[in-house]
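Each chain, letter by letter, is given below.
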Amino acid sequence: MPVVLLCGCKKYLEKEPKKQASIQTTDQLEALLNNASAFVQENDYTATSSTDDAEINKNDYKNNPGQFTPEVLYHYLFTTDQVVNNIAADPLWAGEYKKIFTANLVLANADNVTGSDAAKQRLKADAHFIRAYSYWVMANHYCLPYTKDNEGAPGLPLKNTTSYTEPLKRATLKETYDFILAEIAAAQEVTADDVDPKLPWRISKKAIAAFMSRYYLFVGDYDKSITNANQALSTAIAQLKDYKTIQAGIQVKYTNPNVTINFSELNDWTAVKYYFWPEFYYLRFTYTPGWWFLPSPALVSLYDQSNDLRYKWCMLSQGGRYFSAGTANMYRYMIFQTGSMLPSGPTVAEVLLNKAEALARKNDVAGAMQAVNILRDKRLSSAAPLAATMQDDAIKKVLEERRRELPFVMRWYDIRRFSVNGYDADNISVVRDFFQLNGNTIDVNTPKTYTLPVGSKRYAVPINGVELDASKGQIVQNVY
Amino acid sequence: MQLKAYCKACSVQAMLLMTAPDTGPQPSRISSNPFKKTLLRLQQCIAGRQAPVSSQTWLIMKLTFFLLTAVLMNVHARGFSQEVTFTGRDVPLQKVFSAIESQTGYVFFYNSRLLRQAKPVTLDVQKKPLAEVLKACMQGQPLDFAIENTTIVITKRTFSGPANTEEDRIPPVKISGTITDGKKQPLANATVTVKESGQKTLTDNNGYFEIIARTGNTLVISYVGYEAKSVKINGSGPVNITLLPSVTVMQEIAVTASTGYQTISKERATGAYDVVGRDVLNKRPVSNLSTALQGLVPGMQGKEKSDGSFNFLVRGTGSLYADSKPLVVVDGFPVSDTSFFTVNPNDVESVTVLKDAAAASIWGARSANGVIVITTKQARASRLQVDFNVFTRISDNINLNQVLNQADSPDFIKYERLAWQNNWMLGKYNGAFTGIRTSLTLAQELLYANETGKITTDAMNKGLDSLTRISNRGQVGDLLLRRPVLNQYNLSISGGSERLKSYASLLYEKNKDGYIKNGYNRYMLSFRNQYRAAKFINFFVGATLQYTKQETSGPTINEIQQLSPYETLLNPDGSYGVNFYNINREQLATLPLGKLPYADWSYNLLREVRGRTFTNEDLSARVQAGVTVNIIKGLTFDSKVQYEKRKTDLRKYYSEDAFFVRDMVNYNIDYNNTTKTVNQVYVPKGGIETPGVIGNTNYSNVTTESYVFRNQLNFDRTFGTKHAVVAIAGTEVSQYETNSKANPWLYGYYPDKLQATVPPYGYGSTGNTFKNLIGSTGVTLQGGNTVLGWEQNRYLSFYGNASYTYNRKYTFSGSVRSDASNYITDDPSLRWSPFWSVGGMWNIQREDFMNKISFVDALSLRATYGRNGNAEKSTSTKTLLNVGSSVNTTTGTITATISDYGNPLLRWEKTTTTNIGVDFSLFKHKLTGKIDYYNKLGSDIVGLVSLPSATGTTAQKFNNAKIANKGIEVSLGTDLKIPGTPVWYATSLTYAYNWNRITDLYYPSIYGFDMLGGGFVQGRPVGSVYSYTYLGMTSGEPYVAGVKGVPNRFDDLALHNRGLGLQYLNYEGTSVPPHTLGWYNSLKAFNFSVNVLFTGTLGGVYRNPIFNYATLIGSGKTNVDRYVADVFAGNPDIPSFPQANDPGTYRWDRYGPNLNGLIASSSYIECKEITIDYTLPAKMASAIQTSGIRLYVQSRNPGMVYHANDKGFNPDWLPGSNKPLRTYTMGLNVQF
């Protein structure tokens, strides 16, 4: 009996204790990548608070200090020490690296599991794209803008495997961008040409092109940006949503004090609906953990309040009331999920704006206006096309439209980009008129002005202190 | 017979109590007689009229003392009057003995080897005195006997010459003498018998005796534990005799310990074992075996559950994340249920606890937390014996003051008013339709109505004042609580011949919980048969079948606490009162209720409880079978198998009366609030049945199935006279499989009509979603999918051990074992782990030099060293997935998540234990005991290491920790007759000290919140308690000391969330008390016995509760806790209320409960149990055709006798917890 047991025991013990626990098939990896909620969300305090799209009125703060979390305030005032030390974790950094881990897991296993070669090719292409996208998002937060001068500046720790012992030393910025391009090249192996409307979180050639129109716009290669934009715009699936077709949602009335908020139907949607927003090439959302994007008066004033449906449905003048701030006059910018989620993945709208801007910067004023007006046609209640004759005017108008269309989502990226694109007219200096921050508490009796100057070192978001501690010195902080 | 009269009174009183528990005290009858007084107090207790805690504790002390002294003082001697009836031809002697045992209650004490030489006897005696029957049995046998109290010692006959035929001619004279032991110490109570006449006497305290005998007669002197001696009387002078300690007798009757694989004599056991025998277990009527083990085993600490059962921890916490429960073994097989639920406590013969490496290493990978081995009663070859046991356990009513921590109505409203005025709120209800889910309290409705100008301040004040006068406690007590009663009936039958022995038992238990609609019925059937097919082959088969039907529909503490204290269940007219739950009345009033599926959308807790039925049905079967083959002398082969299957069905049914149903139907509708029209109703009307919940997961049924298959060779042989070898070797294969399923919900379900309706539009899915009442889109219904679960664990083991004993003085032992499981890994060799132990024992008492040390009767020294293991099964070396068992409604695909990030460096946890023990018996066995010292070092313990999140995860388990547990365990006992009285006193005192430290743990950033939440810290014990230094209030804001004492505001969370806790938190001690005590006392006289158990824990700390300053109002049903009274009273040691409009109030709860001033010692000693029993004299028992009757009463949890904290708390059961209730048990045991 023992002899029989000895022979059989290896086999006996190979029966796994759980079903589908260890990775053995392409179906399992597909299921992993189809768990969209694990990939689509970017928890971004910088996007919420660090740009001129956001502004906290001093009096509003004084009256409702409890409405603003320390995380929001520390980012709002461009602090480094508080962001490093007084926040327990950086959800953007951790979240993107978690996506990268999953992509690495798929890449490590794709060739060893059972399944068709086509399925494996598809999985690997998706995984490479996930890595490229996440590294791009992080490079545009934690590193300086990508220029010739900054090529040697600290980039990101480039995780290629799932191993815990893989070194976490930060690569240079050039190495980081080269890695992103190499990943995109690998992702191009995808055979799907156009977006799968049932799986908008999976990639296609069109989705890659849409993203690359953004990538090249950011590195100043406007020709390639236009080429990719055109390729993306040839989609038969992704399409602009005509805001004229957006229905009113459930109106919310408050009696104490009396306030009515006219939400759009989008406010009532749950993930099962907004994951399938038709404009997406690839699904990603900017998420704010406080569920409140508070727009600045400057942003609000950009809209034609009577004609622009984006103002009507997204820019809610009394929306600050939603979580019952004591006073009712604060704005709330919202699209999905009670104002916590904004589309941030490449959309038809963004690609049109990328194209328009690239054309404008190449001094194709008419082309730029044409592209931007395709978008405006779906956003305004009655036609009001933009017109420009001069390049500067065209750039200004396109950028204003870009800010109206993509507030909070693109602004941080754009502010950084504008500082290094060799065109000074678009440079942005962000100024805060607020109160003295004493250590970690706000002194509401001492006003103070804070500035994020053009080309600030603070364009690189500090890496969280817990992360630095845990890496035991491998990850080095940005220099300020 | 003074005592008898008293005791009769006592039992009569007890009977009265049983039949009429509601009989109140009759003040006119209170006399000065303390006994009567005490009885009256006892009655009062049972009738539920309790005195305040302090006086009650006093009462318990008094009662205990009184009972102890009463029995001690009022007894008189009584002679042997036992009679025996027996008829049989050529009956084995053992059979006669067992008949005598059952008829007289006396116990035989013999060397089984001796009895093998005995011839069968033929007897026909009717009601003959015991001694006479015994004498007849010994006729012509090479045996002799002596009666020691209730023990009959059978010894080898040392003199068997022909009877003295001249005896009649020699006149009898008084012979005196002294009996001493080898060290010249007198032996008291030794039996001196004149062999020829049968005349007997006992020696006194000086070992002196006098007896009438003739010259030439033979005196036989016997004494337990000593070789009997015969001396021929040569003259009339004093006879001085020295007895020598017996070798054979003591050895053979020595206690044995069962490891589950073998039974070893404790004399040769090098390991640390504790054995709890049937004599103690039988005295403790329990529903769950773990209750009866409490306080008896040093080093086995129990965490009591509210039903009185225990989770045990043996010798401290040895693992951080792996299971720290000991392994439970029943009749040699580990059972999957570690809560002792599948064991009939009446069937248990003994329990052995294996604590050190040598004892437990034979269980290998699963033994690091200790092993509890349960041996059930085995059939014996005897006449048919029937044992019937019944008891009723009545508990105190649940005390709402204990289970709720809610403030009373005046304080509750006072706070609500204050908070409303001061705006301590976040997201206050603001009159929006979407706020329909925000129910306010009755008081806050008034405050809101006043604020919005709907009522005047006067009307509000009037309303609040009238609410202040209402308390729902009375109604809750009357309508939702009841007196808990548990009845247990157990019948066991055993008997058989040498060739076929059988034992069967049947248990029925009915439990009515203290909350209405909670309780269970439990049925359990067990049997065990042994067949001796031939001399060399034995079979056994056993089975246990259990069925439990449990109802859990009753109210929960949370549900009761969710009611404001002024919300009543019933209106004065008997209709259901207004309770608020999940519905705002103001918004409800705007709905066209007549158009909704249910016009009645009200909630009432009583109606809810009545309208629902939650049941769990549990059916389990365990079958064991085996064969033993004797191969050659001393060598046997065992093959055994156990199969277990358990099926649990869970369901929750809500009728239309339940708010749950009406709410589900009304809320899931397509509704237009502008036109007030209902467009679509998604959920059909009617009851709803859902799966039940275990932990956080839904299950309709769970099936566990397991088998263990074992083959083992045993060798036990003595070579020559000095060399004894015992060895075993074997293999074991086991598999444990769990299947679970959560069924789709039944909607529109009418059980009486046997009809259910599928939701007309389906459950909703991607592309087909619903709206709900407030207009959310993308809504899907719950319960559309079947959720499946499956898990299968396999183990393979090879093991062996051997021990060698030389000359009964020196024993050496060793064991090895290797285990493997089907744990997922790339490297199969990682599955195997070697475990081993070595040990030695020195029986010092057998050394010659010990003869000079007179007060020592037995002394031996044990030492062991070895390694056990523990598999941390929650993680793997590979990354593991959790693939959904049905399509995800959001994505419309199957989705998967990473269930474990995997760690290729993962290994088994190892625990290395050194144990040194000494066993002793001193002063003629008046003091017996043992002391063990252990040092348990856990290495490669799985600890959580924080990783940079760039690795994909922020923490992963690595084998990076080390834990040390050191301790001392002492148990002392005595079992002696109190001189000059017929009272036997036995006590067992256990004390254990455990020192626990995490000696090594790589964890670089331990934040304050983490440490306060029980995070592990290097250099500190598991369960460390930390506190903030409170600095008092400055301009309305409380402060604690931060790093270097820098004051930190309560609303500044940077310190709590991100500060390294070791820099500013005070270490206050451990929440796991290092010292534990158990003291079991037993007094026996005549047929009475009184048993009292005290338990205690010392040296730990706990946190006193404090008001939750983050109690916000206006956004739902607020619960204001009772500690708000301390803040109202202006206690300077705690913060006062926040200032008006303070936005940071909601963060105060991070610091508030953790202030240094709240820490207090958790030490307490508690009288856990008092049992009094009475055994009917055999004569009376046989007169009513039984062979034994025992009556008993018991009280559990009578109260604390000492507590270190000044609030009178039981630190294990602070207010707001379901503390085990005080219980009173009355029972009867009849044997036929």
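> Would you mind going over the overall build of chain B with me for this structure?
Helix and strand counts for chain B stand at 24 helices and 58 strands. Counting over 1232 residues, chain B shows a buried share of 55%. In chain B, 71% of the contacts between residues at least 6 apart in sequence involve partners at least 24 apart. Element-wise, carbon and sulfur atoms account for 55% of the exposed surface of chain B, whose accessible area totals about 50400 Å².

> So what exactly am I meant to see when it comes to the interface of chain B and chain A here?
Many descriptions give the size of an interface as the accessible area lost when the pieces come together. Contacts between the two partners involve 78 residues from chain B, matched on the other side by 73 residues from chain A. Buried surface at the junction of chain B and chain A, both sides included, amounts to about 6200 Å², of which 63% is carbon and sulfur. Counting across the interface, chain B meets chain A through zero salt bridges. Inspection of the chain B/chain A interface yields 14 residue pairs in polar contact (both at pLDDT 80 or more). It is strand β37 (residues 787-806) of chain B that contributes the most residues to the side of chain B that touches chain A, eight residues altogether. Grouping the constituent residues of the side of chain B that touches chain A by class yields 31 nonpolar, 37 polar and 10 charged.

> Even after reading the chapter, I still don't get a nonpolar patch on the surface, so can you show me in this structure?
There is a patch of nonpolar side chains on the surface, built from Trp842(B), Phe849(B), Leu861(B), Ile916(B), Ile931(B), Tyr933(B) and Ile968(B) and spanning about 570 Å² of accessible area. Classification of Ile931(B) as partly exposed rests on a relative accessible area of 33%.

> Looking at this model, I keep getting lost on the sheet that holds strand β1 (residues 41-43) of chain A. Mind explaining?
Adjacent strands of a sheet form backbone hydrogen bonds with each other and so pair up, either parallel or antiparallel. Residue and element names in this part refer to chain A. Sheet architecture is open: three strands sit in the order β1-β6-β9, paired in mixed fashion. The outermost strands of the open sheet, each flanked by one partner alone, are β1 and β9 (341-343). Across the sheet, the mean angle from the axis of one strand to that of its neighbour is 30°, orientation sign disregarded. Relative to β9, strand β6 (residues 285-287) runs antiparallel, the two sharing three bridges. Paired with tyrosine 287 across the strands is methionine 341, a residue of β9.

> How should I be thinking about the packing of aromatic side chains in this particular structure?
Two aromatic rings are characterised by how far apart their centres lie and by the angle between their planes. Residue and element names in this part refer to chain A. Under the definition given, this model contains 86 aromatic pairs over all chains. Between tryptophan 136 and tyrosine 413, the ring centres sit 5.0 Å apart and the planes meet at 70°, which makes this aromatic pair edge-to-face. Here tyrosine 413 lies in helix α18 (residues 411-418) and tryptophan 136 lies in helix α8 (residues 117-142), a separation of 277 residues in the sequence. Relative accessible area serves as the criterion here: at 1%, tryptophan 136 is assigned to the buried category.

Parameters at a glance
- Residues numbered from 1 in each chain as written.
- Chains lettered and ligands numbered in written order.
- Predicted model: local features only at pLDDT ≥ 70, side-chain atom pairs only at ≥ 80, totals over all residues.
- Heavy atoms only, no water.
- Helix = DSSP H or I, 4+ residues; strand = E, 2+ residues; numbered from the N terminus.
- Buried < 20%, exposed > 50% of the residue type's maximum accessible area, 1.4 Å probe, protein only.
- Contact = heavy atoms within 4.5 Å.
- Areas by Shrake-Rupley, 256 points an atom, 1.4 Å probe, with all protein chains shown as cover.
- Buried area = accessible area lost by both parts, 1.4 Å probe.
- Salt bridge = Lys/Arg side-chain N within 4 Å of Asp/Glu carboxyl O.
- Polar contact = N/O pair within 3.5 Å; in protein donor to acceptor, adjacent residues only side chain to side chain.
- Nonpolar A, V, L, I, M, F, W, Y, C, P; charged D, E, K, R; others polar.
- Patch = residues over 30% accessible without salt bridge, like charges linked within 9 Å, V, L, I, M, F, W, Y side chains within 5 Å.
- Pairing = 2+ DSSP bridges.
- Axes fitted to C-alpha atoms, helices over the stretch in contact; angles between N-to-C directions.
- Phe/Tyr/Trp six-rings, centres within 6.5 Å; stacked < 30°, edge-to-face > 60°.

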